[in-house]
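What follows is the residue order along each chain.
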Protein chains: 2
Amino acid sequence: METIPPAIPCPNQAPQCAAASISTHETMARVLQMFEPDSADQPVAAKFPVLLRRVHAGESLVHEGAPADAIFFVRLGTFKVFRIAEDGYEQVLAFAVRREVLGFEALCAASYPAAMQALEDSTVYVIPRCEIAQLSHALPSFALVLQRAGSLTLTHSRELVDILAAVASDVRLARFLIQLSKRMAACGQSPRRFLLRMGRREIASLLGVAHETVSRCFSALAAMGFLYVNDREIDILDMNGLKAFSRSTRRQTDDAPGPRHPGLVRPTARTPVRALAHPSGLMPGGAI
Amino acid sequence: METIPPAIPCPNQAPQCAAASISTHETMARVLQMFEPDSADQPVAAKFPVLLRRVHAGESLVHEGAPADAIFFVRLGTFKVFRIAEDGYEQVLAFAVRREVLGFEALCAASYPAAMQALEDSTVYVIPRCEIAQLSHALPSFALVLQRAGSLTLTHSRELVDILAAVASDVRLARFLIQLSKRMAACGQSPRRFLLRMGRREIASLLGVAHETVSRCFSALAAMGFLYVNDREIDILDMNGLKAFSRSTRRQTDDAPGPRHPGLVRPTARTPVRALAHPSGLMPGGAI
DNA sequence: CGGACTGTTGACAAACTTCAATCCGAGTGG
DNA sequence: CCACTCGGATTGAAGTTTGTCAACAGTCCG
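Residues numbered from 1 in each chain as written. Chains lettered and ligands numbered in written order. Predicted model: local features only at pLDDT ≥ 70, side-chain atom pairs only at ≥ 80, totals over all residues. Heavy atoms only, no water.

(A) The arrangement of the overall build of chain A in detail. On a plain count of helices and strands, chain A comes out with eight helices and 12 strands. Buried positions account for 54% of the 288 residues belonging to chain A. Relative to all contacts within chain A whose residues are 6 or more apart in sequence, the contacts with residues 24 or more apart total 71%. For chain A, the accessible area works out to roughly 12200 Å², and carbon and sulfur atoms hold 56% of it. (Helix = DSSP H or I, 4+ residues; strand = E, 2+ residues; numbered from the N terminus. Buried < 20%, exposed > 50% of the residue type's maximum accessible area, 1.4 Å probe, protein only. Contact = heavy atoms within 4.5 Å. Areas by Shrake-Rupley, 256 points an atom, 1.4 Å probe, with all protein chains shown as cover.)

(B) How the structure looks around the packing of helix 5 (residues 169–186) of chain B against helix 7 (residues 211–223) of chain B. All names here are of chain B. It is the contact of helix 5 with helix 7, at a shortest axis distance of 9 Å, that shows an interaxial angle of 75 degrees. By the criterion of interaxial angle, the relationship of helix 5 to helix 7 is roughly perpendicular. Taken together, the residues of helix 7 that come into contact with helix 5 (itself represented by S169, D170, L173, A174 and L177) are T213, V214, C217, F218 and L221. Along the lines of polarity and charge, the residues of the contact of helix 5 with helix 7 split into seven nonpolar, two polar and one charged. (Axes fitted to C-alpha atoms, helices over the stretch in contact; angles between N-to-C directions. Parallel < 35°, antiparallel > 145°, perpendicular 65-115°, else oblique. Nonpolar A, V, L, I, M, F, W, Y, C, P; charged D, E, K, R; others polar.)

(C) Molecular detail of the domain arrangement of chain A. All names here are of chain A. For chain A, the assigned domains read domain 1 (22–144) and domain 2 (165–275). Contacts between domain 1 and domain 2 engage 17 residues on the former and nine residues on the latter. Here domain 1 and domain 2 share an interface that buries about 1100 Å² over both sides, 53% of which is from carbon and sulfur atoms. Here domain 1 is connected to domain 2 by eight residue pairs in polar contact (both at pLDDT 80 or more). In terms of residues, the side of domain 1 that touches domain 2 owes the most to one element, strand 6 (residues 90–96), which gives seven residues. (Domains from an automatic or database assignment. Buried area = accessible area lost by both parts, 1.4 Å probe. Polar contact = N/O pair within 3.5 Å; in protein donor to acceptor, adjacent residues only side chain to side chain.)

(D) Quick peek at the relation of the copies chain A and chain B. For the match of chain A to chain B, the screw axis carries a shift of 0.0 Å, the RMSD comes to 0.0 Å, and the turn is 180 degrees. Accordingly, the operation relating the two chain copies is best matched by a two-fold axis. (Least-squares fit on C-alpha atoms with pLDDT ≥ 70 in both.)

(E) Molecular detail of helix 8 (residues 239–246) of chain B. Within helix 8 of chain B, the full set of buried residues consists of B:G241, B:L242, B:F245 and B:S246. End-on, the buried residues of helix 8 of chain B take up no more than an arc of 135 degrees, which puts them together on one face. (Arc of directions from axis to C-beta.)

(F) Structural detail: the pattern of salt bridges. Within this structure, the stated rule accounts for 21 salt bridges over all chains. Among the ionic pairs, A:K80 bridges to A:E90, the shortest N-O distance being 2.8 Å. Placement of the pair is A:K80 in strand 5 (residues 79–84) and A:E90 in strand 6, with a sequence separation of 10 residues. Among the residues examined, A:E90 registers a relative accessible area of 23% and is labelled partly exposed. Between B:R197 and B:E120 there is a salt bridge; the shortest N-O distance is 3.3 Å. Taken together, the positions of B:R197 in the loop between strand 10 (193–195) and helix 6 (200–207) and B:E120 in the loop between strand 8 (115–118) and strand 9 (122–128) put the pair 77 residues apart, joining distant regions of the chain. Take B:R197: its relative accessible area is 22%, and that puts it in the partly exposed class. Here the salt bridges do not stand alone but share partners, grouping A:K80, A:E90 and A:E202 into one network. (Salt bridge = Lys/Arg side-chain N within 4 Å of Asp/Glu carboxyl O.)

(G) Spotlight on the sheet that holds strand 5 of chain A. Residues and elements named next belong to chain A. Pairing is antiparallel across the open sheet formed by four strands, whose spatial order is 3-8-5-6. Since the sheet does not close on itself, it has two edges, and those belong to strand 3 (60–62) and strand 6, each with one partner. Looking at each pair of strands side by side, their axes are set apart by 30 degrees on average, direction ignored. One ladder, built from six bridges, connects strand 5 with strand 6; its direction is antiparallel. Bridged to R83 within strand 6 is Q91. (Pairing = 2+ DSSP bridges.)

(H) Up close: the side chain of B:K80. Under the relative-accessibility criterion, B:K80 is labelled buried at 5%. Within the structure, B:K80 has its side chain in polar contact with the side chain of B:E90 (distance 2.8 Å).

(I) Inspection of the environment of A:D121 at higher detail. All names here are of chain A. For D121, the location among the structural elements is in the loop between strand 8 (115–118) and strand 9 (122–128). With 26 residues separating them along the chain, D121 and Q147 place their C-alpha atoms 27 Å apart. Filtering out sequence-adjacent residues up to four positions away, D121 remains in contact with V55, H56, A57, L76 and G77. A polar side-chain atom of D121 sits 2.7 Å from the main-chain amide nitrogen of A57.

(J) Structural context of the confidence of the model for chain A. Residue and element names in this part refer to chain A. Of all residues in chain A, 79% have pLDDT values of 70 or greater, and the mean over the chain is 84. Predicted confidence is poor over residues 3–17, with pLDDT under 50, and the contacts of this stretch with residues over four places away or in other chains come to 21 contacts. Here residues 267–277 is modelled with pLDDT under 50, and outside its nearest four sequence neighbours on either side it reaches 10 contacts, counting other chains as well. (pLDDT = per-residue confidence, 0-100.)

(K) Structural view of the UniProt feature "domain: HTH crp-type" (unreviewed entry) in chain A. The sites that carry the UniProt feature "domain: HTH crp-type" (unreviewed entry) are, in the present numbering, residues 167–240 of chain A. A helix fraction of 55% and a strand fraction of 15% characterise residues 167–240 of chain A, whose end C-alpha atoms lie 20 Å from each other. (UniProt positions renumbered as here; feature names shortened; annotations may be inferred.)

(L) Broad picture of helix 8 (residues 239–246) of chain A. All of the buried residues in helix 8 of chain A are A:M239, A:G241, A:L242, A:F245 and A:S246. Buried residues belonging to helix 8 of chain A abut helix 5 (169–186), helix 7 (211–223), strand 11 (227–230) and strand 12 (233–236) of chain A.

(M) How the structure looks around unusual backbone geometry. In this model, A:D231 sits at a positive phi of 55 degrees, which is unusual for a non-glycine residue. Residue placement: A:D231 occurs in the loop between strand 11 and strand 12. In this structure, B:R99 takes a positive phi of about 80 degrees despite not being glycine. Summarising the element assignment, B:R99 is placed in the loop between strand 6 (90–96) and strand 7 (101–102).

(N) Representation of the sheet that holds strand 12 of chain A in the model. All names here are of chain A. Read from one edge of the open sheet, three strands run 10-12-11, paired in antiparallel fashion. Of all the strands in the sheet, the pair left with one neighbour each is strand 10 (193–195) and strand 11. Going from strand to strand, the sheet's axes swing by 15 degrees on average, the running direction of each strand aside. Alignment of strand 11 against strand 12, held across four bridges, turns out to be antiparallel. Counted as the bridge partner of Y228 is D235 from strand 12.

(O) Up close: the protein's contact with DNA strand D. Neighbouring residues of DNA strand D: 21 residues in total, closest A:S169, A:T213, B:R200, B:S215 and B:S219. Sugar plus phosphate: this is where 65% of the atoms of DNA strand D within 4 Å of the protein reside. Between DNA strand D and the protein, one listed contact pairs a phosphate oxygen with a backbone N or O atom of A:S169 at 2.6 Å. Here a base nitrogen of DNA strand D and a side-chain polar atom of B:R216 are 3.0 Å apart. Sorting elements by how many residues they give to the surface near DNA strand D places helix 7 of chain B first, with four residues. Of the residues that constitute the surface near DNA strand D, the class distribution is five nonpolar, six polar and 10 charged. (Near = heavy atom within 4 Å.)

Written out as structure tokens, the structure is:
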């Protein structure tokens, strides 16, 4: 199971559905690492096979405003959630990686309020909306998975608010990278070294700054010695320092009017990123 | 039912629990306007009375980091959700009004990641966490209410990301007011005229700007003729204009480098707010 | 090899934060 | 009852950050 054969037509899905196969709720629960599958549920779960859909890099999973037919759990890969403004500006609202739910926000609406697109080759579990009510009742563990996944997504969104509310753009970027690092760790990858699946422009849109500013802030964080940056390769050299820096807030309510970065000088150095030597010499190739 | 007698001790709650009474899931569902209560559920629902808790203005509903014992549905009033940074800065993450769920983000964690405090006298339905699994199974309509409430909260949080990602601070404020207006309408109040339950500093924290900037932006929006502002009294005079203004985005991806506000001049006038006449003469008193 | 795209950096103008002063209403104590 | 303080809101002035425009390097692709 869980292999992906050439192509099985998926009845309820949009025409761009490239490839799909079938899995089970038990397997899905295990992959999502939400809980230990309850053996008592197995006979019931067997009656509800789960569609597995492959989405290629750059392909849309759902379009903004499309009827909300299903929700998805990311089995593998990365997605961006975004809206297109009237004037064409792309506003990124979230990135989703393995184990996260997509489309949960549509459960209280008739259509998806935002588009979702794969940033790399990805696969998702597809739960048709019409099955959700039955599943919730027949398979209590599914109801819990859904609650916890929704809760997790809300938690991420709240953290994003915390990121966006930061004063300075370099602090925003630092907080973003730390959140990303945690999520990489949560899905089994290295929290220190990873490859960004999104471009500067997409990060800029999420953080609410100009893409040039994102570029400059990467350089600044690197100049402060927190990071090694080479294009989309990131290596966090000083996690504690980065975290300390990310805790910089606006001047506090009233009491202590101290400097914004106690004991930490904000260097104005503008050393080019590529000139900063990586401690291990050259950055190895497949740094995921 | 739904009356609030003097004081019944509530077993599972914190000592600061001021007053509480008992209601039913049927009543709760009706108040939340989530769905038509299913009469078939009534016998089951009767076995699960719902605690109703009163929270006075300024009182904390939950503290940051407290064990996540329960989730809440706002029956009446307004809450702020916030975190305190190490240096004492208060970061507001959300405001919640009637019909919204509080604490949903704690379902995937052991403790509440953020504090919640009443901004005015409020009442909430209390669902102990230990009951959630049973309720979800025994009362399918509850499972749906919870899913939809969580989904709604996520939708709000995503909209907030959209607000925060706006370039200019006056656009952020405009978007914030529009979201607030919609939520006021959704809980039965006027979408045009309302009383802000939060101070400038709290709005500023949510929007990620200085509180002086919030004040200036209120003045600017008033000077543009979109609003009448007097302290916390808001009257939206030109909803379409305000919406058009709120759609201003960063310069779009590549194609049309036109002005940010097509056909709309950003006045630099700095007329004092109190000098701007309200069309209906004096602002009437109890403008909620 | 030209063309398109991404990422980086510089320069300047615009927006924002910060510090500061003022006004006002609410609460308090004489 | 009134002076007093306290906190919230508003506005001004100055300094800093950031957006915008522009140029350039590197990569991918037809």
